[in-house]
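Structural overview for review
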Amino acid sequence: MARAMFDYTKTVLKKVSFDVNLFTKEVLKALNRLLPHEIEELKIWIQSLTVKQPELQSCLIYLKS
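This section reports on the structure supplied with the text. Quantities reported herein were computed from a predicted structural model and do not represent experimental measurements. (Residues numbered from 1 in each chain as written. Predicted model: local features only at pLDDT ≥ 70, side-chain atom pairs only at ≥ 80, totals over all residues. Heavy atoms only, no water.)

**Regarding the overall build of the protein**
What counts, and what does not: Labels follow the DSSP assignment, with helices taken as runs of H or I lasting at least four residues and strands as runs of E lasting at least two, numbered in each case from the N terminus. For the radius of gyration, the atoms used are the C-alpha atoms, and the globule rule reads 2.2 Å times the number of residues raised to 0.38. A simple rule labels every residue: compare its accessible area, found with a 1.4 Å probe on the protein chains alone, to the largest value its type can have, and call it buried under 20%, exposed over 50%, or partly exposed in between. Here, residues are in contact when the closest pair of their heavy atoms is within 4.5 Å. For every accessible area listed, the method is Shrake-Rupley and the probe measures 1.4 Å; residues are considered covered only by the protein chains on display.
Secondary structure assignment for the protein yields three helices and zero strands. The order of helices and strands in the protein, counted from the N terminus, is α-α-α. Computed over C-alpha atoms, the radius of gyration of the protein comes to 11 Å, within 12% of the 11 Å expected from 2.2 N^0.38 for 65 residues, which places it in the range of a compact globule. With the principal axes as the frame, the protein shows a C-alpha extent of 30 × 25 × 20 Å. Within the protein, the fraction of its 65 residues that count as buried is 38%. Relative to all contacts within the protein whose residues are 6 or more apart in sequence, the contacts with residues 24 or more apart total 58%. Total accessible area on the protein is roughly 4300 Å²; 60% of this is exposed by carbon and sulfur atoms.

Structure representation (structure tokens):
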């Protein structure tokens, strides 16, 4: 089931990527919801997404640990 949550999180993030504030809120929710290894995968996925949408880079600060 955890994998389903990770996939769901990615789907939601794709849908809200048009708005930096919504995207950041969803990233923060994901940090509370996902397992540590899924958070690492999410970091990689978001970094690749920010190549296409550099305005989303501000949310990366929440993923640094």
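And the narrative resumes.
**Focus on helix α3 (residues 36-52)**
Defined as follows: Expected helix span is given by 1.5 Å per residue-to-residue step, counting one fewer step than there are residues.
With 17 residues, α3 ought to run about 24 Å at 1.5 Å a step, and its terminal C-alpha atoms sit 25 Å apart, in line with that. Taken together, the buried positions of α3 are Glu38, Ile39, Leu42, Lys43, Trp45, Ile46, Leu49 and Thr50.

**Here we look at the nonpolar core**
Let me state the cut-off plainly: Buried Ala, Val, Leu, Ile, Met, Phe, Trp, Tyr and Cys residues that are joined via side-chain atoms within 4.5 Å together make up what is termed a nonpolar core.
By size, the foremost hydrophobic cluster in this structure holds 16 residues, and its most contacted members are Leu13, Phe23, Val27, Leu34, Leu42, Trp45 and Ile46. Looking at this core, the elements with two or more residues in it are α1 (2-16), α2 (20-33) and α3. With five residues, α3 is the largest single contributor of residues to this core. When near neighbours in sequence (up to four residues on either side) are disregarded, Ile46 contacts Leu13, Phe23, Val27, Cys59, Leu60 and Leu63.

**Some points on α2**
Let me state the cut-off plainly: Arc definition: it is the arc formed by the directions from the helix axis to the C-beta atoms.
The end-to-end C-alpha distance of α2 is 20 Å, a good match for the 20 Å that 14 residues give at a rise of 1.5 Å each. When α2 is considered as a whole, its buried residues turn out to be Phe23, Thr24, Glu26, Val27 and Ala30. Across the axial projection of α2, the buried residues extend over an arc of 165°, all falling on one side. Opposite its buried face, α2 presents the exposed residues Asn21, Lys25 and Asn32, each directed more than 90 degrees away.

**Topic: the packing of α2 against α3**
Applied cut-off: Axis definition: a line fitted to C-alpha atoms, limited for helices to the stretch in contact. Angles are taken between N-to-C directions and run from 0 to 180 degrees. Angle categories: roughly parallel below 35 degrees, roughly antiparallel above 145, roughly perpendicular from 65 to 115, and oblique for all the rest. For any pair of crossing helices, the crossing counts as left-handed if the nearer helix is rotated counterclockwise from the farther one by less than a right angle, and right-handed if it is rotated clockwise. Classes in brief: Ala, Val, Leu, Ile, Met, Phe, Trp, Tyr, Cys and Pro nonpolar; Asp, Glu, Lys and Arg charged; the others, Gly included, polar.
Following both chains from N to C, one finds α2 and α3 inclined at 160°, their axes separated by 11 Å at the closest point. Comparing their axes, α3 and α2 come out roughly antiparallel. The handedness of the crossing between α2 and α3 comes out as right-handed. Of α3, the residues touching α2 (which contributes Phe23, Val27, Ala30 and Leu31) are Ile39, Leu42, Ile46 and Leu49. Its residues placed into classes, the contact of α2 with α3 shows eight nonpolar, no polar and no charged.

Function cannot be inferred from these measures alone, as they are strictly geometric.
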